[in-house]
Amino acid sequence: MPIPAVDSYLPVRARVRYQPLFRALHRIALRGLGYGNSDPASNGEAAMLARMAKGWPDRPTIIDVGAHVGEWTSAVLAVAPSASIYALEPAAGPYRELVARVGEHSATFQLGLSDEPGELPLWAPPNAPALASLHRRDLRQFGMTAEQGASVTLTTLDQFCVDQDIAHIHLLKLDAEGHELAILRGASGKLGSGAIDAIQFEFGGCNLDSRTYIRDFRDILDTHGYRLQRVLSDGLAPCDASEHAEIFVNSTFIASRG
């Protein structure tokens, strides 16, 4: 049955008095679309990881960029205990916890990735290291202010793979608080050669601060033959190519070749 045009049954559209109603409906719609859920157990990330692991070889190569204290690395080890994992975390405090948590089962590096090597300061609110970013985030809505911290060492993914003699990556996970696009720009060699099977990254409020858009990700990924999809609780959904895809509420995306 055809769905009537929205305008035909919204005579109250664009009315001031109905804005609270439509804002509430908007929030409900975003939740229904799968935005704003950061729990891997319910947002589809854990299920996707388990499905992917079934297709990996005996010792897949996994790179965890922005590993923080090792939650995601631990999740990978739970489904692929023999995986060769490279966990990168630039911030000193989280890095120490990362080593303590997964150091015996993965290779850990106090290092960040970008589009070129160098050093840049991390910005984070006091006592909230999980929000550390290479971009000065506007966190006023959360009652926090990002302050400049210590500089961290950066390299590119292409150079890191040369240094570590990594020929092929089965899964590249990026959680760099808005710096993901720069990391992909520093991976043009691996992307162009088809040496990365899949790329998982988060997109949300951090991308407002880094001024990056889904369109930017689509441009670089399309160029290298990757298909971009959004992770949902029961599978993967195609990524909208229109302006409606630019939703700066946290969601997880997966890019795969083919």
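See above for the structure.
What you are looking at is a predicted structure, and each value in this text was computed from that prediction instead of being measured.

Q: I tried to follow the sheet that holds strand 3 (residues 107–109) on my own but got confused; where do I start?
A: Taken in spatial order, the eight strands line up as 3-2-1-7-8-11-9-10 in an open sheet, and their pairing is mixed. Of all strands in the sheet, those with a lone pairing partner are strand 3 and strand 10 (235–238), marking the two edges. Within this sheet the neighbouring strands show an average axis-to-axis angle of 25°, counted without direction. Note that strand 8 (residues 198–203) and strand 11 (residues 251–257) share six bridges and pair antiparallel. Bridge pairing in strand 11 places Ala 198 opposite Ser 256. Most of the contacts of helix 3 (residues 45–53) go to strand 8, to which it runs at about 175°, and overall it touches strand 7 (171–174), strand 8, strand 9 (226–232), strand 10 and strand 11.

Q: Looking at this structure, how should I read the side chain of Thr 212?
A: Among the structural elements, Thr 212 can be located in the loop between helix 9 (206–210) and helix 10 (214–223). For Thr 212, the side chain forms a polar contact with the side chain of Ser 210, separated by 2.9 Å. Sequence-distant contacts of Thr 212, that is, excluding residues within four places in its chain, are made with Gly 178, Leu 181, Phe 203, Asn 207, Phe 217 and Phe 248.

Q: Which parts of the structure should I look at to understand the sheet that holds strand 4 (residues 112–113)?
A: Whenever strands of a sheet pair, they do so through backbone hydrogen bonds, lying parallel or antiparallel. One open sheet holds the three strands; their spatial order is 4-6-5, and the pairing between them is mixed. Each having just a single partner strand, strand 4 and strand 5 (118–124) make up the two edges of the open sheet. Taken together, the two bridges between strand 4 and strand 6 (residues 147–155) define a ladder with parallel strand orientation. Looking at the pairing, Gly 112 lines up with Leu 154 of strand 6.

Q: Which parts of the structure should I look at to understand the environment of Arg 137?
A: Its place among the elements puts Arg 137 in the loop between strand 5 and strand 6. Arg 137 gets classed as buried once you look at its relative accessible area, which sits at 12%. Sequence separation between Arg 137 and Ala 124 is 13 residues, and the spatial gap between their C-alpha atoms is 7.9 Å. Other than its neighbours up to four places away in sequence, Arg 137 contacts Leu 131, Ala 146, Glu 177, Gly 205, Cys 206 and Asp 209.

Q: Even after reading the chapter, I still don't get the environment of Arg 230, so can you show me in this structure?
A: By the secondary structure assignment, Arg 230 is in strand 9. The class for Arg 230 is buried, based on a relative accessible area of 9%. For the pair formed by Arg 230 and Gln 200, sequence separation is 30 residues and the distance between their alpha carbons is 9.6 Å. Here Arg 230 is in contact with Leu 33, Gly 34, Tyr 35, Gly 235, Leu 236, Ala 237, Ser 251, Thr 252 and Phe 253, once residues within four sequence places are set aside. Of note is the side chain of Arg 230, whose polar atom sits 2.8 Å from the backbone oxygen of Leu 33.

Q: In this structure, what is going on with the pattern of salt bridges? I would like to understand it.
A: For side chains of opposite charge, pairing can occur when their charged atoms come near one another. Overall, the coordinates contain four salt bridges when judged by the stated rule. For the salt bridge of Asp 64 with Lys 173, the shortest nitrogen-to-oxygen distance reads 2.7 Å. Of this pair, Asp 64 sits in strand 1 (residues 61–65) while Lys 173 sits in strand 7, and the two are 109 residues apart along the sequence. The residues Asp 64 and Lys 173 share a single accessibility class, namely buried. The partner of Arg 137 in a salt bridge is Asp 209, with the nearest N and O atoms 3.0 Å apart. Highlighted residues: Arg 137 in the loop between strand 5 and strand 6 and Asp 209 in helix 9, separated in sequence by 72 residues. You'll find Arg 137 and Asp 209 in the same group, each marked buried. Bridged by salt links that share partners, the residues Arg 137, Glu 177 and Asp 209 form one connected network.

Q: Just checking my understanding: could you explain the environment of Glu 147 for this structure?
A: Within the secondary structure, Glu 147 is located in strand 6. Among the residues examined, Glu 147 registers a relative accessible area of 46% and is labelled partly exposed. Along the primary structure Glu 147 and Trp 123 are separated by 24 residues, whereas in three dimensions their C-alpha atoms are 5.3 Å apart. Excluding residues that lie within four positions of it along the chain, Glu 147 makes contacts with Leu 122, Trp 123, Ala 124, Pro 125 and Pro 126.

Q: I tried to follow helix 3 on my own but got confused; where do I start?
A: The α-helix advances 3.6 residues per turn, and as a result positions three or four apart in sequence lie on the same side. What helix 3 keeps buried is the set Glu 45, Met 48, Leu 49, Met 52 and Ala 53. Seen end-on, helix 3 carries its buried residues on one side only, within an arc spanning 135°.

Conventions adopted
Residues numbered from 1 in each chain as written. Predicted model: local features only at pLDDT ≥ 70, side-chain atom pairs only at ≥ 80, totals over all residues. Heavy atoms only, no water. Pairing = 2+ DSSP bridges. Helix = DSSP H or I, 4+ residues; strand = E, 2+ residues; numbered from the N terminus. Axes fitted to C-alpha atoms, helices over the stretch in contact; angles between N-to-C directions. Contact = heavy atoms within 4.5 Å. Polar contact = N/O pair within 3.5 Å; in protein donor to acceptor, adjacent residues only side chain to side chain. Buried < 20%, exposed > 50% of the residue type's maximum accessible area, 1.4 Å probe, protein only. Salt bridge = Lys/Arg side-chain N within 4 Å of Asp/Glu carboxyl O. Arc of directions from axis to C-beta.

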